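Listed here are the chains, written in short residue letters.
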Amino acid sequence: MSVILETTLGDITVDLYTKERPRTCLNFLKLSKVKYYNYCLFHSVQENFMAQTGDPLGLGRGGESMFSMLYGDQAKFFEAETTPKLKHQKIGTLSMVNNGSNMHGSQFFLTLGEDLDYLDGVHTVFGEVAEGHDVLTKINEAICDGENRPYVDIRINHTIILDDPFDDPSGLEIPDRSPGPTKQQIEAGRIAPDEVIDAKAGKTNEELDEMIKDKEAKARTQILEMVGDLPDTEVAPPDTVLFVCKLNPVTTDEDLEIIFSRFGKIDSCEVIRDHKTGESLQYAFIEFNKAEDCESAYFKMDNVLIDDRRIHVDFSQSVSKLKWNGKGKGVEHFPDESKGKPRYVLKDTRRDEYPLQLV
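Description of the structure in this document.

Cut-offs used in this document
- Residues numbered from 1 in each chain as written.
- Predicted model: local features only at pLDDT ≥ 70, side-chain atom pairs only at ≥ 80, totals over all residues.
- Heavy atoms only, no water.
- Pairing = 2+ DSSP bridges.
- Helix = DSSP H or I, 4+ residues; strand = E, 2+ residues; numbered from the N terminus.
- Axes fitted to C-alpha atoms, helices over the stretch in contact; angles between N-to-C directions.
- Contact = heavy atoms within 4.5 Å.
- Phe/Tyr/Trp six-rings, centres within 6.5 Å; stacked < 30°, edge-to-face > 60°.
- Buried < 20%, exposed > 50% of the residue type's maximum accessible area, 1.4 Å probe, protein only.
- Salt bridge = Lys/Arg side-chain N within 4 Å of Asp/Glu carboxyl O.
- Patch = residues over 30% accessible without salt bridge, like charges linked within 9 Å, V, L, I, M, F, W, Y side chains within 5 Å.
- Areas by Shrake-Rupley, 256 points an atom, 1.4 Å probe, with all protein chains shown as cover.
- Polar contact = N/O pair within 3.5 Å; in protein donor to acceptor, adjacent residues only side chain to side chain.

### Some words on the sheet that holds strand β13 (residues 266-273)
Hydrogen bonds along the backbone pair up the strands of a sheet, which may run parallel or antiparallel.
Stage number 1. Taken in spatial order, the four strands make up an open sheet running β13-β14-β12-β17, and their pairing is antiparallel. The open sheet terminates on both sides in strands that have one partner only, identified here as β13 and β17 (312-315). Each strand axis lies, on average, 20 degrees off the axis of its neighbour in the sheet, ignoring direction.
Stage number 2. The pairing of strand β12 (residues 241-245) with β17 spans four bridges and is classified as antiparallel. Across the sheet, Cys245 pairs through a bridge with His312, a residue of β17.
Stage number 3. Helix-sheet contacts for helix α6 (residues 253-260) involve β12, β13, β14 (280-288) and β17, and the interaxial angle to β13 is about 140 degrees.
Stage number 4. Across the face of the sheet, helix α7 (residues 291-301) comes into contact with β12, β14 and β17 while running at roughly 150 degrees to β17.

### Thoughts on the packing of aromatic side chains
Stage number 1. All chains considered together, the criterion is met by 13 aromatic pairs.
Stage number 2. Ring geometry for Phe28 versus Phe108: centroids 5.3 Å apart, planes at 90 degrees, classification edge-to-face. Of this pair, Phe28 sits in helix α1 (residues 22-33) while Phe108 sits in strand β9 (residues 108-111), placing them 80 residues apart in sequence.
Stage number 3. Note on Phe49 and Tyr118: the rings are 6.0 Å apart at their centroids and 35 degrees apart in plane angle, and the pair reads as tilted. Taken as a pair, Phe49 in the loop between β4 (44-46) and β5 (50-53) and Tyr118 in the loop between β9 and β10 (124-131) lie far apart in primary sequence, 69 residues in all.
Stage number 4. Judged by relative accessible area, which is 11%, Phe49 ranks as buried.
Stage number 5. On the basis of relative accessible area, Tyr118 is assigned to the exposed category, the value being 53%.
Stage number 6. Ring-pair connections join several aromatic residues into one group, and the members of that group are Phe28, Tyr36, Tyr37, Phe108 and Phe126.

### What about the pattern of salt bridges?
Any two side chains of opposite charge can pair, given that their charged atoms come close.
Stage number 1. Applying the stated criterion across every chain, the model contains eight salt bridges.
Stage number 2. Between Asp168 and Lys30 there is a salt bridge, with the nearest N and O atoms lying 2.6 Å from each other. Taken together, the positions of Asp168 in the loop between β11 (155-161) and α4 (183-187) and Lys30 in helix α1 put the pair 138 residues apart, joining distant regions of the chain.
Stage number 3. Measuring nitrogen to oxygen at the nearest pair gives 4.0 Å for the salt bridge that ties Asp153 to Arg155.
Stage number 4. Put simply, Lys30, Lys33, Asp164 and Asp168 are held in one network by salt bridges that share partners.

### Quick look at a nonpolar patch on the surface
Stage number 1. Side chains of Ile223, Leu224, Met226 and Val227 sit close together on the surface and give an oily, nonpolar patch of about 430 Å² of accessible area.
Stage number 2. Positionally, Met226 belongs in helix α5 (residues 205-227).

### Concerning the environment of His88
Stage number 1. Mapped onto the elements, His88 comes out in the loop between β6 (78-79) and β7 (93-96).
Stage number 2. A sequence separation of 32 residues divides His88 from Asp120, and the C-alpha atoms of the two residues are 6.3 Å apart.
Stage number 3. If we skip the residues at most four places from it in the chain, His88 touches Thr93, Ser95, Phe109, Thr111, Asp115, Leu116, Asp117, Leu119, Asp120, His123 and Val125.
Stage number 4. Side chain to side chain, His88 and Ser95 meet in a polar contact 3.0 Å long.

If you want it as structure tokens, here you go:
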């Protein structure tokens, strides 16, 4: 009693436990026979855990049993078979997904790890992979997003029944040929297995140059993070701080604050000095209270003459005063106790963590 699952990564042959799980195997065999599983996505792949499929919508929230085709919506799910007890002990175990009420529909999963005993008694084991363990390895290596959805589609293209010991129920319509995918099934996909991805297609030379520069900038940022000069690659300097250079050594903090305060309230203004001699290093940082005031000063003060020197003004790229909260947890500017002046806060950049659950 076997079924071949022809997937986009290769064929998987499963042997069914028809004696131990007759109702579950009947449901699986007849759904396969009516080509219900054709074009179903493996919508959830969790490394060394499981690969879940069987929802025609590709979302993990759909699917119905074979019995609903005979008896209507009241038979959308059927009760799980719990005896004899079968365990999720080895890679390639075939099991039905519990809908939360100890009922099953059409969704099932293949285990990608061993000794998953915490699934026992919850999801119903009804078969195992006989051939195609190399395909399971490929599925297990799929690159997925935070919701365990593979970026490149993995689908069941076709199902072939090698041996079916059950008679077809009266009223079950068997198609003469395999139907094509529905519009909804096509739209549920992401990147087709045979799709050629060319990031340069349709771009102008200017756009390609910009793309190359962006990649190089990201590479440099990653290096700075690795050596500890940046707390995180996603960190960005505050947008209210100006960097002023080419200053006359005689220009003081007070001079700059008076000159730049006409654009708006200044929270701090500091000419950087040698820590031993106290002499000006001829550059400064000016912190505005509002970003729009900082932007206005940037446009109007560059190349202005101060103390017989034409200064250069730019937005500060320094992140030296950022407090790192840990990888992926964002950064913040903490209060400067010596001056009592506020610092900026960057929003938490963590993505919501999705629990690894079967649906």
